[in-house]
Amino acid sequence: MEKACNSHYHNQSLLLLPLFLSLLVAGLAYPTQDEQSQIISRFQQYLQINTTQPSPDYQSSTQFLLSQANSLSLESQVIEFVKGKPVILLKWPGSDLSLPSILLNSHTDVVPFEPSKWTHPPLGAYIDEGGNIFGRGSQDMKSVGMQYLEAIRRLKLSGFQPKRSLYLSFVPDEEIGGYDGAKKLAYSDVFKDMNVEIVLDEGLPSTDENYRLFYAEMAPWWLVIKSNGAPGHGAKLYDNSAMENLLKSIESIRRFRASQFDLLKAGLKSKGDVISVNMVFLKAGTPSPTGFVMNLQPSEAEAGFDIRAPPTADIESLEKRIEEEWAPASRNMTFEFLNKAEYFKGINVYESIIEAYTSYIPPGRDGVSRDEL
Ligand SMILES: [Zn+2]
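Thresholds, definitions, all that
- Residues numbered from 1 in each chain as written.
- Predicted model: local features only at pLDDT ≥ 70, side-chain atom pairs only at ≥ 80, totals over all residues.
- Helix = DSSP H or I, 4+ residues; strand = E, 2+ residues; numbered from the N terminus.
- Contact = placed C-beta atoms within 7 Å.
- UniProt positions renumbered as here; feature names shortened; annotations may be inferred.
- Buried ≥ 20, exposed ≤ 12 C-beta atoms within 10 Å, placed from the backbone.
- Core = buried A, V, L, I, M, F, W, Y, C linked by C-beta atoms within 7 Å.
- Pairing = 2+ DSSP bridges.
- Axes fitted to C-alpha atoms, helices over the stretch in contact; angles between N-to-C directions.
- Expected span 1.5 Å × (residues − 1).
- Arc of directions from axis to C-beta.

(A) Summary view of the overall build of the protein. Regarding its fold elements, the protein presents nine helices and 16 strands. A separation of at least 24 residues holds for 74% of the contacts in the protein among residues at least 6 apart in sequence.

Pasting the structure below:
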């Protein structure tokens, strides 16, 4: 199983696709044997295109996707916000162009691989007797991109006509941050004109029959707190030593962690609604040839924490808590975020989502509601 790329941000990370598809295709006949093999063979073709970072073959993937769009009579355009990094945008126009649209997003690039660790070549798209397909991108996330297209194919065959326009975006460079793909698209006039109301993007693979739904992504905050204090003899009791100050913070953070964990244990909140905090390192002590000096209280100590905050978290109050309780200057403490840039990126991501959502125009007529989505 590939590692889900949840360490990367997604400009629009909302719902897991398969549920959506299963809703849409409900009622349609299951594909025949012949259809199934064609569906799989198209998926294999996409997997066999080498879009591995750091030098993805976007030319071939673009060609392939355009040919798919063509076979489905979808409108298509290739936009290079940055040269050589194509965003492929497909459209199935809705019958009522005044309604906001739906966007199905996927990325075309995949993460690198170590061929020697694979049981079958990572670009071979080999299928074993059990029907398992081996290929880089089979989960993350060429499968999803192809499922979009196949669902459209089936819907078109059934005579379905969408009321809202349906867009598909195939974006580059997601695995290296998405700056030249999804981000550029999200801030573009093209995107504004699309009048998107809801975006579906990648989720996590499921190992069973259940499709899990994700509507947000936790933002990582990697917090390092440092404490300073007068050094002193190990036998002496005095206030404001670096260790003592750090211990107070650790105790405070531990209490916060327990309070969040309690909400989870009691079933009052779900995993995606609490702030998780875990201590990941402790750095302190004066080294000696045999370990640490045992009779000296050091003047510095630090600890690192992996904090994950859901988008619903009260960020201001968390920041205040860090400043006032976890690393207060009054206790000779400082703090920094190792991935502050990552944190700000997260804000940008949600900005673009909110931008998209707030530009929603209510249909204002009977029989059309959000429930239909
Ligand atoms: Zn991905």
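Having seen the model, we can carry on.
(B) Highlighting the UniProt feature "binding site: Zn(2+) 2" (unreviewed entry) in the protein. Here, UniProt's "binding site: Zn(2+) 2" (unreviewed entry) annotation points to Asp140 and Glu175. Judged by maximum C-alpha separation, these annotated positions cover 36 residues in sequence but sit close together in space, the widest gap being only 9.7 Å. Its location among the elements puts glutamate 175 in the loop between β7 (166–171) and α5 (182–186). With 22 C-beta atoms counted inside 10 Å, the residue glutamate 175 sits in the buried group.

(C) Region of interest: the nonpolar core. Membership of the largest hydrophobic core comes to 36 residues, with the highest contact counts inside it found for Leu90, Leu103, Tyr148 and Tyr167. With six residues, helix α4 (residues 142–158) is the largest single contributor of residues to this core. Of all hydrophobic cores here, the second largest spans 18 residues; its members include Ile225, Leu246, Ile253 and Phe305.

(D) Broad picture of the pairing of β7. With six of six residues buried, β7 lies mostly within the body of the structure. Of the two faces of β7, both are covered, the one formed by Leu166, Leu168 and Phe170 as well as the one formed by Tyr167, Ser169 and Val171. Alignment of strand β3 (residues 85–92) against β7, held across five bridges, turns out to be antiparallel. Its bridge partner being in β7, leucine 89 is matched across the sheet by serine 169. Alignment of strand β4 (residues 101–107) against β7, held across six bridges, turns out to be parallel. Across the sheet, the residue bridging to histidine 107 is valine 171, located in β7.

(E) Geometry of the sheet that holds strand β9 (residues 219–228). The strand order across the open sheet formed by four strands is β11-β15-β9-β16, and the pairing between neighbours is antiparallel. The sheet terminates laterally at β11 (276–284) and β16 (333–337), the two strands that pair on one side only. Here the average twist between neighbouring strands, direction ignored, is 20 degrees. Relative to strand β15 (residues 300–309), β9 runs antiparallel, the two sharing ten bridges. By the bridge assignment for β15, valine 224 is matched with glycine 304. Strands in contact with helix α7 (residues 242–265) are β9, β11, β15 and β16; relative to β15, the strand with the most contacts, it is inclined by about 15 degrees.

(F) Representation of helix α3 (residues 58–71) in the model. Between its terminal C-alpha atoms α3 stretches 20 Å, which fits the 20 Å expected from 14 residues at 1.5 Å a residue. Among all positions of α3, only Tyr58, Ser61, Thr62, Leu65, Gln68 and Ala69 are buried. Along the axis of α3, the buried residues cluster in a sector spanning 125 degrees; they form a single face. Across from the buried face of α3, at angles greater than 90 degrees, the exposed residues are Gln59, Asn70 and Ser71. Among the structural elements, β2 (75–82), β3, α4 and β7 are those in contact with the buried residues of α3. Among the residues trailing α3, serine 73 stands out with phi positive, at a value near 55 degrees.

(G) Layout of unusual backbone geometry. Across the junction of glutamine 53 and proline 54, the peptide omega takes the value 10 degrees, indicating a cis bond. Within the fold, proline 54 resides in the loop between α2 (33–48) and α3. In this chain, aspartate 140 is followed by methionine 141 through a cis amide linkage whose omega measures -15 degrees. Residue position: methionine 141 is located in the loop between β6 (133–134) and α4.

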